[in-house]
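Architecture at a glance
One letter stands for each residue in the lines below.
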Amino acid sequence: MRRTTSHFLWLIAPAALMVGIFFLYPLCFSLYSAVTLDSGELTLAHLNKAFELYSKDIIFTILIVLICVAILAVLSITIAGIITLSPFRTLSKTLGFLYRLPLFIPFIVTAQMMRTFLAKNGLMNNTFIASGLLTPMETVSFLGWSGIIITFVWKQLAFSTLLIAGAMAALDDSQIRAARNLGASRWRILLQIILPQIAPTIGVAMVLSTVTIMSVLSVPLMIGTGTPTMMTADMAFRINSYGDYHVANALGLVSYSICAVLAWFYLRQNLKEKGAQS
Amino acid sequence: MAHLHIENLQVGYGNKLILKNINLAVEQGEMIALLGPSGCGKTTLLNALCGFIPVSQGDIFVANRAISKRPAEKRNITMVFQSYALWPHMTVAQNIGYGLKVQKMKHADITTRVTELLKIVKLEGLENDRVTALSGGQRQRVALARALAIRPDVLVLDEPLSNLDAKVRLSVRHEIKALQKQLGFTSLIVTHDQEEALVMADRIAVLNHGTIEQIGTPEDIYHRPKTPFVADFMGADNHLTWPIQNAAITLNINPTITQAEIYFRSENALVSTRPPATNVDVNPSNMGLLIEGPVEQSVFFGNNYQISVRCGTHTIQANHDQHLPEHTPVLLRVPTDALHIFATEAGNSAPQHSLSPLSNQ
Ligand SMILES: Nc1ncnc2c1ncn2[C@@H]1O[C@H](COP(=O)(O)OP(=O)(O)O)[C@@H](O)[C@H]1O
Ligand SMILES: [Mg+2]
């Protein structure tokens, strides 16, 4: 018995070490730095400063995340629903291929693509002008908050659709057939049969997307227009311009807290459902 | 025209043809069993009926209306699935009442109907239970109630009993049959179990490789199989290819035949141990087949012993009430009307296509 226990310890040691060195240590260090002075005394000064200077950006970040997640949920459920329920096989096959593409493009490349696509004289507006839909005077730049949202949604859509479509495909096909021969339309089946059963997966997809969006620097830097901007850009600015790690870490602490609240909600919901099922 | 009428139906996946030339007429209130080995297309036929897969040729009529172009949700044919296919996030009552809710029935009426159905399938008091808390037999009864709730024109059941354990299977089998008699719904039940088909169905359609080999009453199918496949599938476990060389075998039928495939059940072969000296009357006129040979094996089967007897290149199975030691010489006698004989034309090297059942009345 003791032997197997020590064997298990050896087995998990490399992974535990990796987590410790590359995740737990920097996390603790960052938290520590956010609430201490250089001399090592505890202080709330950095947090205060972060809120004083950047409360608008914090709210901006939260709004961007909420809007993105809402759009993501609607779009990926729609696409996954079409893939699962559409009677047109070629449509669902094509869609099943297309939606995966952004998965293989890094954020920074996506940001660059969107920059050239969404700008006032970018590809999108040029196309509109060439096709006669708009005159050069009427074009607007989508760089700014709307561009940030478009970019995040475009990039994260693949990931969340992959998760949600996977969960839908894992449902027993005969559950859907049973509903159909009782007269239920596809729309009704999606809402009443499929969604209630895959709600936990939608939750996971949205929580993970939130965390990703909160952590990306390239998109607000390249697509945003300066003020207000997202917290990642502020953190980079504190460090690059002032070498001010304390306030940057204080912003990081705010960011963790937002994600922690979400994680708490998610876990609580999950536990409730598990409890109800067993 | 019958209540459910299937005409020259052809169904396939892609360009792989699964069902060919299916013709079937099911009367109002009749229960027909589709019997056939795994992979012969039984589920495919039900799926085509329900509208889950398209029909490539032919037509389906329910109450004189062609329905093969309608989508599944407009056919009013409901299915009971092998896997139950209940919705785990709904209670028993919500599962059963779902079809009525879709039809926008009033809430109070749904409750009344659900209560009535729960009583019919003997699940009173379980309406607020989660379906995940039920046993297999209870789940299948919920599925049955759900499918019956909307009073479908046709109810189809796809191997509804095969996920249940043996004891529960017998009771659910009995209940489905009793319900069908009581409520008089028109139904098709798929099974690969011949006993299930015999017990439950008014008529049986035997399917093989996507075509119907024979349709008839259980007695017809059991006693008068029209093809070797049906004979074999209905439990005629002995198969001989006549003539047989190097064996003490006599075939005593009228008219005499030269080449044939002969089938009979092991329980119809009467075994007698015969000391060579005593020459009892071994040749009564109702005995169509006489075989002499040594016992090869004798296996205990509970209520009797299964005896294997060597006969030339064949091994014949028979039942006997006593154990017989190896090499005991025995005489097997099979009554004429227990023989299923399919004459093959002389000189034909591919006999499967030219089989014709010989009348054995
Ligand atoms: N979705 C499908 N696509 C292609 N072939 C299928 C599909 N479903 C079933 N088949 C084929 O159709 C044949 C009949 O299947 P099925 O109707 O399920 O048989 P049964 O229910 O009698 O066991 C099988 O050979 C099977 O491989
Ligand atoms: Mg099947």
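All values reported here derive from a predicted model rather than from experimental measurement.

Observations regarding the interface of chain A and chain B
- Contact residues are listed per partner, giving 18 residues for chain A and 25 residues for chain B.
- Buried area between chain A and chain B, summed over both chains or domains, comes out near 2000 Å², and the portion from carbon and sulfur atoms is 56%.
- Summed over the three residues of chain A that lose the most area to chain B, namely Arg177(A), Asn181(A) and Leu182(A), the buried surface amounts to 36% of that side.
- For the pair chain A and chain B, the interface holds one salt bridge.

Some words on the UniProt feature "domain: ABC transmembrane type-1" (unreviewed entry) in chain A
- Sites flagged by UniProt as "domain: ABC transmembrane type-1" (unreviewed entry) map to residues 58–266 of chain A.
- End C-alpha to end C-alpha, residues 58–266 of chain A measures 22 Å, and it is 78% helix and 0% strand.

Overview of the site of ligand 1
Residues and elements named next belong to chain B.
- Taken together, Tyr13, Lys16, Ile18, Pro37, Ser38, Gly39, Cys40, Gly41, Lys42, Thr43 and Thr44 make up the full set of residues adjacent to ligand 1.
- Calculation on ligand 1 without its partners gives an accessible area of 560 Å², and the protein chains cover 59% of this total.
- Among the secondary structure elements, those contributing two or more residues to the shell around ligand 1 are β2 (16–26) and α1 (42–50).
- Looking at the shell around ligand 1, the element that brings in the most residues is α1, giving three residues.
- Considering only residue class, the shell around ligand 1 consists of four nonpolar, five polar and two charged.

Digging into the domain arrangement of chain B
- What the domain assignment reports for chain B is domain 1 (4–224) and domain 2 (236–349).
- Between the C-alpha centres of domain 1 of chain B and domain 2 of chain B the distance comes to 41 Å.

As for the sheet that holds strand β4 (residues 57–62) of chain B
Residues and elements named next belong to chain B.
- Reading across the sheet, the four strands line up as β2-β1-β4-β5 and stay open at both edges, with antiparallel pairing between neighbours. The strands lining the two open edges of the sheet, one partner per strand, are β2 and β5 (65–66).
- Taken together, the seven bridges between strand β1 (residues 4–13) and β2 define a ladder with antiparallel strand orientation. The partner of Tyr13 across the bridge, within β2, is Lys16.
- Seen against the sheet, α1 touches β1, β2 and β4 and runs at an angle of roughly 115 degrees to β1.

Rules and cut-offs
- Residues numbered from 1 in each chain as written.
- Chains lettered and ligands numbered in written order.
- Predicted model: local features only at pLDDT ≥ 70, side-chain atom pairs only at ≥ 80, totals over all residues.
- Heavy atoms only, no water.
- Contact = heavy atoms within 4.5 Å.
- Buried area = accessible area lost by both parts, 1.4 Å probe.
- Salt bridge = Lys/Arg side-chain N within 4 Å of Asp/Glu carboxyl O.
- UniProt positions renumbered as here; feature names shortened; annotations may be inferred.
- Helix = DSSP H or I, 4+ residues; strand = E, 2+ residues; numbered from the N terminus.
- Near = heavy atom within 4 Å.
- Areas by Shrake-Rupley, 256 points an atom, 1.4 Å probe, with all protein chains shown as cover.
- Nonpolar A, V, L, I, M, F, W, Y, C, P; charged D, E, K, R; others polar.
- Domains from an automatic or database assignment.
- Pairing = 2+ DSSP bridges.
- Axes fitted to C-alpha atoms, helices over the stretch in contact; angles between N-to-C directions.

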